[in-house]
Amino acid sequence: YKRSVSPEMDIMEYCRKEWRGNTPVAKRMRKGYEAVAQKFASIRRIRGDNYCAFRATLFQALSQATQLPRWLQSEDFAMLPENLLSKYEWIKQWQLKQKPGKKMGEISDEIKEYLILLRKKWKNISEIKDPLEKQEACDKLFKNEEEEYSLYEALKFLMLSTAIELYNADKSGRRVPVFSWLLFARDTSSNPCQLMHNHLNHIGHSGGLEQVEMFLLAYALQYTIQVYRLYKYSTDEFITLYPNDPEEDWPVVTLITEDDRHYNIPVRMCQETML
């Protein structure tokens with residue numbers, strides 16, 4: 001079994017192991033890691049399949065969750081697949097990782113189960129008061145491959161639902177965030193149906209999340225995702241926020257990337273930073 005989230009390791013020790021040479025890239029990475037080490041003491045490596053952005057974001061969100069987000073509390077949350085299917089026939093083409101080739105008409109119940117599982121896990125973990133116990137519960141959840149991938153299916157479906165909302169809002173003349181225009185300005189995703197076919201259906205199989213989809217994930221979760229992009233060290237984009245104009249009451253999770261493809265997580269905020 002491959003570990004989904006490796007045990008923590010000192011950030012600078014990790015950096016020295018990974019970036020030894022004297023190339024400009026290695027120097028920049030070391031500077032980037034030094035900057036992260038001002039705020040965080042350790043790093044945890046995230047397993048590198050095409051789900052790593054989901055895995056890193058969800059792990060961070062759950063490890064610091066103290067309550068169930070509002071959108072998870074709504075009565076009709078679990079009815080999302082049924083409600084969307086009744087309006088959009090094309091959602092039947094949704095692809096499940098575990099069941100490639102199975103049509104959405106047959107799997108709307110399974111998506112519903114995944115959404116209920118997401119709510120249940122989030123609720124249970126957020127109710128744990130002891131930080132060590134909470135961490136253990138997260139570690140345990142991310143060792144259960146079947147549950148873990150079910151949660152990613154739930155996140156993907158939430159992204160689709162959010163994309164449909166944004167698309168409809170824009171079409172009816174309401175204000176939408178800038179990333180929403182960018183999302184639907186791509187040739188491969190000019191509407192939610194194309195987004196599903198050409199992007200969401202492939203996440204976890206043949207590709208990970210692109211930049212603009214990180215915004216969509218943040219919107220779906222109503223979390224600000226703060227990313228240290230190490231290869232952008234000493235530029236304005238070194239610390240990037242998704243979305244870049246977040247709502248004030250959205251919680252923040254922090255990730256680290258060296259290339260915008262693979263994400264790890266910094267842990268253990270340094271004491272000074274916490275004060």
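Because the structure is predicted, anything quoted here is derived from the model rather than measured.

Okay, the UniProt feature "site: Linear diubiquitin binding" (unreviewed entry) in the chain next. Taking the numbering used here, the UniProt-annotated feature "site: Linear diubiquitin binding" (unreviewed entry) corresponds to Glu237. For Glu237, the location among the structural elements is in the loop between strand 3 (224–229) and strand 4 (239–242). Look past the residues within four positions of Glu237 in its chain and what remains in contact with it is Arg229 and Lys232. Within the structure, the side chain of Glu237 is placed 3.4 Å from the side chain of Arg229, a separation counted as a polar contact.

It is worth spelling out the pattern of salt bridges at this point. Evaluated as defined, the whole model comprises 17 salt bridges. Lys121 is the partner of Glu147 in a salt bridge, and the nearest nitrogen-oxygen pair spans 3.3 Å. Of the two residues, Glu147 sits in helix 8 (residues 145–171) while Lys121 sits in helix 6 (residues 104–126), which places them 26 residues apart along the sequence. Of the residues examined, Glu147 reaches a relative accessible area of 21% and is grouped as partly exposed. On the accessibility criterion, Lys121 (17% relative accessible area) is buried. Where Glu213 meets Arg186, a salt bridge forms, and the shortest distance between an N and an O atom there is 3.0 Å. Pair noted here: Glu213 is in helix 11 (residues 211–221) and Arg186 is in the loop between helix 9 (178–185) and helix 10 (192–198), with a separation of 27 residues, a long-range link.

Another point: the pairing of strand 3. Most of strand 3 sits inside the fold, with six of its six residues counted as buried. Here strand 3 shows no split at all, with Thr224, Gln226 and Tyr228 on one side and Ile225, Val227 and Arg229 on the other all buried. The pairing of strand 3 with strand 5 (residues 252–257) spans six bridges and is parallel. Within strand 5, the residue paired with Tyr228 across the bridge is Ile256. Relative to strand 4, strand 3 is paired through four bridges, and the arrangement is antiparallel. The partner of Gln226 across the bridge, within strand 4, is Leu241.

As a further point, take the layout of surface pockets. In this structure, the largest pocket spans a volume of roughly 790 Å³. Residue lining of the largest pocket: 23 residues in total, with Gln64, Gln135, Val267, Arg268 and Met269 positioned closest to the centre. Secondary-structure elements contributing two or more residues to the lining of the largest pocket are strand 2 (40–44), helix 3 (52–63), helix 7 (131–141), strand 3, strand 5, strand 6 (263–269) and helix 12 (271–274). Across the lining of the largest pocket, the residue classes tally to eleven nonpolar, seven polar and five charged. If you go around the second largest pocket, you meet 21 residues; those closest to its centre are Trp71, Ser161, Thr162, Glu165 and Gln222. Looking at the lining of the second largest pocket, the elements that each hand over two or more residues are helix 5 (80–87), helix 8 and helix 11. The leading source of residues in the lining of the second largest pocket is helix 8, at six residues. Taken together, the residues that form the lining of the second largest pocket break down as eleven nonpolar, five polar and five charged.

Calculation notes
- Residues numbered from 1 in each chain as written.
- Predicted model: local features only at pLDDT ≥ 70, side-chain atom pairs only at ≥ 80, totals over all residues.
- Heavy atoms only, no water.
- UniProt positions renumbered as here; feature names shortened; annotations may be inferred.
- Helix = DSSP H or I, 4+ residues; strand = E, 2+ residues; numbered from the N terminus.
- Contact = heavy atoms within 4.5 Å.
- Polar contact = N/O pair within 3.5 Å; in protein donor to acceptor, adjacent residues only side chain to side chain.
- Salt bridge = Lys/Arg side-chain N within 4 Å of Asp/Glu carboxyl O.
- Buried < 20%, exposed > 50% of the residue type's maximum accessible area, 1.4 Å probe, protein only.
- Pairing = 2+ DSSP bridges.
- 1 Å grid on protein atoms, 1.4 Å probe; cavity = no way out; pocket = protein on both sides within 12 Å on 5 of 7 lines; lining within 4 Å.
- Points joined across faces, edges and corners; volume = space filled by probe spheres on them.
- Nonpolar A, V, L, I, M, F, W, Y, C, P; charged D, E, K, R; others polar.

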